Amino acid sequence: MSASRRDALGGPEGSRPPAPVPGRGDGHGGEDLSPPSALTALWAVRHGQSAANVAFAQAERTGSPDLPVAGRDSDVPLSTLGRAQARALAGWLVGHAPHAGPDLVVCSPYLRARQTWEAMAAHAASSTEMPVLVDERLRDREMGVFELHPPGALLARAPEEAARRALLGEWSYRPPGGEAIADVALRVRAFTVELGRAAAGRRVLVVAHDAVVIALRQVLAGIGAGVPRDLPPVPNASVTHWRGDGRRLRLVHWGRTAHLDDVILP
């Protein structure tokens with residue numbers, strides 16, 4: 001689980017405009033070397049709140065050094081709130097004008113992402129015949145030997161690693177057997193290249209994780225884009241949108257959550 005998730009553990013946040021793209025208009029000449037893509041539109045949804053999001057937040061509030069979640073990260077389900085958020089995403093999905101919303105879905109293989117899409121589809125009749133693919137490259141950041149370790153557990157069990165993580169930052173820190181967010185960007189880059197060619201003219205919805213959304217932003221910003229160290233968080237069940245012109249994708253909004261304003265727990 002990525003540390004950036006700690007920034008989005010609370011309730012929904014308001015819609016955010018795109019933050020400036022690092023490396024653009026900051027003395028690099030302003031040249032646009034964003035990668036080619038023939039997609040008409042791309043939306044990236046972060047899964048709804050997960051059971052681990054809840055457990056990690058509780059561990060952080062109490063300062064507990066214990067591991068609050070057992071099993072594999074890929075098997076972590078949505079929380080009750082996360083399921084309600086996913087149902088609210090269905091409202092966002094059906095709110096598009098005809099032929100303006102997604103016509104293809106590509107999902108992370110992790111349970112919480114698949115449950116998010118399944119809840120969206122179950123409450124959005126227009127999505128019943130939409131093609132849905134699962135792509136391994138959209139999995140969450142792998143934390144290796146520190147899988148499902150909240151920050152307090154990492155500090156208690158491996159203080160030297162916790163210090164190295166703080167020194168390097170999430171973009172560069174690679175836990176033993178795991179990935180830095182820079183590594184996530186490499187597989188996301190390969191995915192976007194294939195997608196831009198294979199789904200030319202399509203309007204694509206990606207359902208995945210905060211690390212994947214951050215990686216998408218860095219990849220689609222193109223050559224010369226700086227390391228995204230100061231981006232706003234990617235809230236649970238938020239929508240980030242890029243619009244295409246047949247040649248490039250341009251960021252329209254980041255981490256939008258207006259569709260969650262009326263979420264009520266069952």
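Preceding block: the structure.
Treat the numbers as computed from the prediction; the structure is a model and nothing was measured. (Residues numbered from 1 in each chain as written. Predicted model: local features only at pLDDT ≥ 70, side-chain atom pairs only at ≥ 80, totals over all residues. Heavy atoms only, no water.)

K.L.:
Which residues make up unusual backbone geometry, and what values go with them?
P.N.:
Even without glycine at this site, His 99 takes up a positive phi of about 65°. Relative to the helices and strands, His 99 resides in the loop between helix H2 (80-94) and strand E2 (104-107). On the accessibility criterion, His 99 (71% relative accessible area) is exposed. (Helix = DSSP H or I, 4+ residues; strand = E, 2+ residues; numbered from the N terminus. Buried < 20%, exposed > 50% of the residue type's maximum accessible area, 1.4 Å probe, protein only.)

K.L.:
How would you sum up the pairing of strand E6 (residues 249-256)? Please name residues and give values.
P.N.:
Alignment of strand E5 (residues 239-244) against E6, held across 5 bridges, turns out to be antiparallel. Paired with Arg 243 across the bridge in E6 is Arg 250. (Pairing = 2+ DSSP bridges.)

K.L.:
Any chance you could break down the sheet that holds strand E4 (residues 203-208) for me, citing the residues and the numbers?
P.N.:
Across the sheet, 6 strands lie side by side as E3-E2-E4-E1-E5-E6; this open sheet has mixed pairing. A strand with exactly one partner marks an edge of an open sheet, and here the two such strands are strand E3 (132-134) and E6. Geometrically, the sheet is characterised by an average inter-axis angle of 15° between neighbouring strands, direction not taken into account. As paired elements, E2 and E4 share 4 bridges and run parallel to each other. Note that in E4 the partner of Cys 107 across the bridge is Val 207. (Axes fitted to C-alpha atoms, helices over the stretch in contact; angles between N-to-C directions.)

K.L.:
Hey, could you go over helix H7 (residues 210-221) for me, with residue numbers and the actual values?
P.N.:
Taking 1.5 Å per residue as the helical rise, H7 with its 12 residues ought to reach 16 Å, and the 17 Å between its terminal C-alpha atoms agrees with that figure. The element H7 is largely enclosed, with a buried count of 12 among its 12 residues. Considered for burial, the residues of H7 that qualify are Asp 210, Ala 211, Val 212, Val 213, Ile 214, Ala 215, Leu 216, Arg 217, Gln 218, Val 219, Leu 220 and Ala 221. Structurally, H7 contributes buried residues whose contacts are with strand E1 (41-46), helix H6 (181-198), E4, E5 and E6. (Expected span 1.5 Å × (residues − 1). Contact = heavy atoms within 4.5 Å.)

K.L.:
Provide a residue-level description of the packing of aromatic side chains, including the pertinent values.
P.N.:
When we look at a pair of aromatic rings, we describe it by the centre distance and by the angle of the planes. Within the structure shown, the criterion is met by 1 aromatic pair. Each ring, one from Trp 43 and one from Trp 92, has its centre 6.2 Å from the other, and the planes form 75°; the classification is edge-to-face. Separated by 49 residues along the polypeptide, Trp 43 in strand E1 and Trp 92 in helix H2 bring together distant segments of the chain. The exposure classification of Trp 43 matches that of Trp 92, with both residues buried. Here Arg 217 stacks its cationic end above the ring of Trp 254, 5.0 Å away from the centre of that ring. (Phe/Tyr/Trp six-rings, centres within 6.5 Å; stacked < 30°, edge-to-face > 60°. Lys NZ or Arg CZ within 6 Å of the ring centre and 35° of its normal.)

K.L.:
Tell me what's going on with the packing of H2 against helix H3 (residues 111-122), and back it up with residues and numbers.
P.N.:
One can describe the packing of H2 onto H3 by two numbers: an axis separation of 7 Å at closest approach and a directional angle of 55°. With respect to their mutual orientation, H2 and H3 come out oblique. Here H2 runs over H3; the crossing is right-handed. From H2, Ala 86, Arg 87, Leu 89, Ala 90, Trp 92 and Leu 93 reach across to H3, where they touch Thr 116, Trp 117, Ala 119 and Met 120. (Parallel < 35°, antiparallel > 145°, perpendicular 65-115°, else oblique. Left-handed = near helix turned anticlockwise from the far one by under 90°.)

K.L.:
Go over the packing of H6 against H7 with me, naming the residues and quoting the values.
P.N.:
Direction vectors running N to C along H6 and H7 enclose 65°, while the axes themselves pass 8 Å from each other. Here H6 lies roughly perpendicular to H7, going by the angle between them. In this structure, H6 meets H7 at a crossing whose hand is right-handed. For the pair H6 and H7, contact is made by Ile 181, Val 184, Ala 185, Val 188, Arg 189 and Thr 192 and by Ala 211, Val 212, Ile 214, Ala 215, Leu 216, Gln 218 and Val 219, respectively. Of the residues that constitute the contact of H6 with H7, the class distribution is 10 nonpolar, 2 polar and 1 charged. (Nonpolar A, V, L, I, M, F, W, Y, C, P; charged D, E, K, R; others polar.)

K.L.:
Go over the environment of Ala 59, please, and point to the residues and values.
P.N.:
Mapped onto the elements, Ala 59 comes out in helix H1 (residues 51-62). Sequence spacing of Ala 59 and Pro 151 is 92 residues, and the spatial spacing of their C-alpha atoms is 8.7 Å. Residues in contact with Ala 59, not counting those within four places in the same chain, are Ser 64, Pro 68 and Pro 150.

K.L.:
Account for the nonpolar core, naming residues and giving values.
P.N.:
Ranked by size, the top nonpolar core spans 29 residues in total, and within it Leu 42, Leu 195 and Val 204 carry the most contacts. The set of elements that each furnish at least two residues to this core consists of E1, E2, H6, E4, H7 and E6. Looking at this core element by element, the count peaks at 7 residues for H7. If we ignore the near neighbours within four places in the chain, the residues touching Leu 195 are Leu 39, Leu 42, Val 106, Ala 200 and Val 204. Ranked by size, the runner-up nonpolar core spans 21 residues in total, among them Ala 88, Val 105, Cys 107 and Ala 121. (Core = buried A, V, L, I, M, F, W, Y, C linked by side-chain atoms within 4.5 Å.)

K.L.:
Let's hear about the pairing of E4: which residues, and what values?
P.N.:
On a regular strand, each side chain points to the face opposite its neighbour's, so the side chains alternate between the two faces of the sheet. A large share of E4 lies buried, amounting to 6 of its 6 residues. Of the two faces of E4, the one carrying Arg 203, Leu 205 and Val 207 and the one carrying Val 204, Val 206 and Ala 208 are both buried. Direction of pairing for E1 relative to E4: parallel, over a ladder of 6 bridges. For Ala 41, the partnering residue across the bridge sits in E4 and is Arg 203.

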